[in-house]
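For reference, the chains in residue letters:
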Amino acid sequence: MVAVLFERLKRDAASAWSAYIDHEFVRGLGDGSLPKPAFQHYLVQDYLFLIEFARAYAIGVYKAPDLAEMRKAADGIGAILNETSLHLRLCASWGLSPDAVASTRQARATIAYTRFVQEAGLRGDMLDLVVALSPCVVGYAEIGAVLAARGQGLDDGANPYAAWIAEYAGESYQALAFDSLAQIDRLAARSLTEARYPALLALFEEAVRLEADFWQMGLDGSM
Ligand SMILES: Cc1ncc(CO)c(N)n1
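Quick look at the structure, then. Computed from a prediction, not measured in an experiment: that's the story for all the values here.

Attention now goes to helix α1 (residues 4-12). The complete set of buried residues in α1 reads L5, F6, L9 and K10. Projected onto a plane normal to the axis of α1, the buried residues spread over an arc of 130° and lie on a single side. In α1, the exposed positions angled more than 90 degrees off the buried face are occupied by E7 and R11.

In the vicinity of the ligand, the residues found are D46, F49, L50, E83, C136, V137, Y140, E211 and F214. Counting only elements with at least two residues in the shell around the ligand, the list comes to α4 (36-63), α8 (126-149) and α11 (197-220).

Turning our eyes to something else, we now look at the packing of α4 against α8. One can describe the packing of α4 onto α8 by two numbers: an axis separation of 10 Å at closest approach and a directional angle of 155°. The angle between α4 and α8 falls in the class roughly antiparallel. Crossing geometry of α4 relative to α8 is assigned as left-handed. On α8, the residues that touch F53, A56, I59, G60 and K63 of α4 are M126, L129, L133 and C136. Within the contact of α4 with α8, the residues separate by chemical class into seven nonpolar, one polar and one charged.

Calculation criteria
- Residues numbered from 1 in each chain as written.
- Predicted model: local features only at pLDDT ≥ 70, side-chain atom pairs only at ≥ 80, totals over all residues.
- Buried ≥ 20, exposed ≤ 12 C-beta atoms within 10 Å, placed from the backbone.
- Helix = DSSP H or I, 4+ residues; strand = E, 2+ residues; numbered from the N terminus.
- Arc of directions from axis to C-beta.
- Near = placed C-beta within 6 Å.
- Axes fitted to C-alpha atoms, helices over the stretch in contact; angles between N-to-C directions.
- Parallel < 35°, antiparallel > 145°, perpendicular 65-115°, else oblique.
- Left-handed = near helix turned anticlockwise from the far one by under 90°.
- Contact = placed C-beta atoms within 7 Å.
- Nonpolar A, V, L, I, M, F, W, Y, C, P; charged D, E, K, R; others polar.

Here's what the structure looks like:
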């Protein structure tokens, strides 16, 4: 069976999960109605988010229980850093240079979420870390797949956010999410106990809430 722990976490945090996956921002991406300034604010912050997120994966390299897990975590860093080219490409199309993006301040929602996952990894073991990271990769893969399946999701003419949706619905991002589910299963097989579950659920649910806050930051333009 695949993703036993992840599916359990998702079920036990169902209302937080749907507030994240079906956020107003996400619906606006799907039907193209999201105001462009909200998307631009989000995307610049997401670029800054990814750099901090790569640091969290780097903690995973350090905490990995063996060489195989170390390599997987290192691959994850590469995938996250590659994702930033989507961001810079879209920002360039609005006239925003890489330097301008990189020198933007991190919004509070960006700081809150990234420091939360980094700290989960510093304080805990690899299972704590991957549980805290899972709403990110697996959630965006789910959002990408759902939006791509809706009417105008992937239609470049009808939806200004089609390129964004295509990235997360695409084969390589879907494979990344699949790998991350397999990683959670391997680490759970090694070190999950029932006694640990409530603490893992608390980490998961907090990360999911911080994801929803991240969308809200985009909508509000808040710093
Ligand atoms: C906030 C956030 N969560 C998840 C992803 C997926 O990588 C992203 N790019 N940004």
